[in-house]
Protein chains: 2
Amino acid sequence: MHIFYTPDITQNIYTLNEEESKHCVRVLRLPVGALVNLVDGRGGFYTAEITSDNPKKVSLSILKVETEFHKRNHYLHIAVAPTKNIDRIEWFLEKATELGIDEITPIITDRSERRVVKEDRLNKVITSAVKQSIKAYHPILNESIPFNKFLNSSIEGEKLIAHCIDNQGKKYISELVIPHQKYLVLIGPEGDFTPEEVNLALNKGFKPLTLGDNRLRTETAALSVCFEINYLNR
Amino acid sequence: MHIFYTPDITQNIYTLNEEESKHCVRVLRLPVGALVNLVDGRGGFYTAEITSDNPKKVSLSILKVETEFHKRNHYLHIAVAPTKNIDRIEWFLEKATELGIDEITPIITDRSERRVVKEDRLNKVITSAVKQSIKAYHPILNESIPFNKFLNSSIEGEKLIAHCIDNQGKKYISELVIPHQKYLVLIGPEGDFTPEEVNLALNKGFKPLTLGDNRLRTETAALSVCFEINYLNR
């Protein structure tokens, strides 16, 4: 079944934009009468029929609507320092979307080699993964923000920070959180957070976590957190 | 600390090959007297001192040897159908090496779009991840093999298969395995195993597993298995 991402859907009819229409008619070669699925990114999963195959504006008639489609039983927000090689963060976004994530915030830290992020491009990666993995909820990608400013913004939920500084206080996520909550996890850049940044977070109530003995790259650490939180909420 | 992969190390002195020597002297600019670490891929972790900085053959004197360095408490073998886009399997190999894996076998299935694999290139990806994540054990990459032939080879351990065919009998890995064992997990291609292939595996004693409700790409499914088996063996 073919999936289209239609965040602006409001009624029982919908018209695909020119790019999607062309893809629908010229690439997928779907005829009038064919059934497709739509996701609105807010939990809505639609079954629709093609009523016009105009390659510039394909018309769809909604036959069935499901709300809160595969609604998640927890909320995971990961704030991660973008990697120098942007492919690595794009890869993380694709995989996290497949596995399940709700919100991502790129944070700019003292040791961040990359200080600029093209949110539009990263959002395209997420949307593509949303369609590929048939998710009715589209993860939220926030604008990048300096780490200190982020810590001073209104942040909710169980707060955790992953860092590499030796610290007896570190615990596994499974020891730190309870299921079905809202979680916010901080992941540092290549080279880790600075001790000052870690202390700043600890003073804000973040708990230090360990992901085990492996030395993980930034994007691997972020995905490990995503896996572990989802695993604990099965 | 800089790491070199030295699978052929046998004595208390070692000479880096021309490529590594050049990297050591010209790129890392390490002088005589500098300390480096070596891993032999079989659990040996060495501390060595540079005794000659000849950019074609750097000589090292071994100062300290640790054996069974970070030895794993279980053995994970994943047999996975290589993806059409080889980047995806290379990505899996890098991440699985970071997280912990012991053996990988590329399997060629009925629906495999990719039937040829360059093992040399994939091994380079693994070796690079071994050094980056400081692993003394180098995962074994077997030559690719047709699925049926693989099932008829001598395979050991707890045997699991991940497939997408609706099947009441599927269970989570945590319900199927006990810790500290040897595990072999089969992961299918884009488009999944055929029903015949699944039945063939079930008849060989493989247990069907579920990775949850998410629709995962081949490489994401393989990495999820890696995450989960390692998690259950913490």
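Everything numeric in this text was worked out from a predicted model, so none of it was measured.

*Asks:* Hey, could you run me through the pairing of strand 13 (residues 207–210) of chain A in this one?
*Replies:* If a strand is regular, its side chains alternate between the two faces of the sheet. All names here are of chain A. Across 3 bridges, strand 10 (residues 158–162) lies against strand 13 in parallel orientation. Paired with Leu 160 across the strands is Lys 207, a residue of strand 13. Both strand 11 (residues 171–172) and strand 13 contribute to a ladder of 2 bridges, which runs parallel. Within strand 13, the residue paired with Tyr 172 across the bridge is Thr 210.

*Asks:* Explanation requested: unusual backbone geometry in the structure shown.
*Replies:* For residues other than glycine, phi is negative in most cases, and the peptide bonds are mostly trans. Its identity as a non-glycine residue notwithstanding, His 70 of chain A has a phi of 50°, on the positive side. Even without being a glycine, Ile 134 of chain B presents a positive backbone phi close to 55°. Tracing the chain through its elements places Ile 134 of chain B in the loop between helix 3 (119–132) and strand 8 (140–141).

*Asks:* I'm lost on the relation of the copies chain B and chain A in this one. Help?
*Replies:* The two chain copies are related to each other by a rotation about an axis together with a translation along it. Once chain B is rotated about the relating axis by 180° and shifted along it by 0.0 Å, it coincides with chain A to within an RMSD of 0.0 Å. Such a turn and shift between the copies fits a two-fold axis. Measuring from the rotation axis to each C-alpha of chain B, the shortest distance belongs to Phe 227 of chain B, at 3.7 Å. Most of the interface of chain B is mirrored in chain A, where 100% of its interface residues again form contacts.

*Asks:* I keep staring at the domain arrangement of chain A and nothing clicks. Help me out?
*Replies:* Interface size, as often reported, equals the accessible area lost upon joining of the parts. All names here are of chain A. Each assigned domain of chain A is listed with its residue range as follows: domain 1 (3–66) and domain 2 (75–232). The distance between the C-alpha centroids of domain 1 and domain 2 comes to 33 Å. Domain 1 puts 11 residues into the contact, and the matching count from domain 2 is 8 residues. Linking domain 1 with domain 2 are 1 salt bridge. Linking domain 1 with domain 2 are 4 residue pairs in polar contact (both at pLDDT 80 or more). The element contributing the most residues to the side of domain 1 that touches domain 2 is strand 1 (residues 3–5), with 3 residues.

Conventions used here
- Residues numbered from 1 in each chain as written.
- Chains lettered and ligands numbered in written order.
- Predicted model: local features only at pLDDT ≥ 70, side-chain atom pairs only at ≥ 80, totals over all residues.
- Heavy atoms only, no water.
- Pairing = 2+ DSSP bridges.
- Helix = DSSP H or I, 4+ residues; strand = E, 2+ residues; numbered from the N terminus.
- Least-squares fit on C-alpha atoms with pLDDT ≥ 70 in both.
- Contact = heavy atoms within 4.5 Å.
- Domains from an automatic or database assignment.
- Salt bridge = Lys/Arg side-chain N within 4 Å of Asp/Glu carboxyl O.
- Polar contact = N/O pair within 3.5 Å; in protein donor to acceptor, adjacent residues only side chain to side chain.

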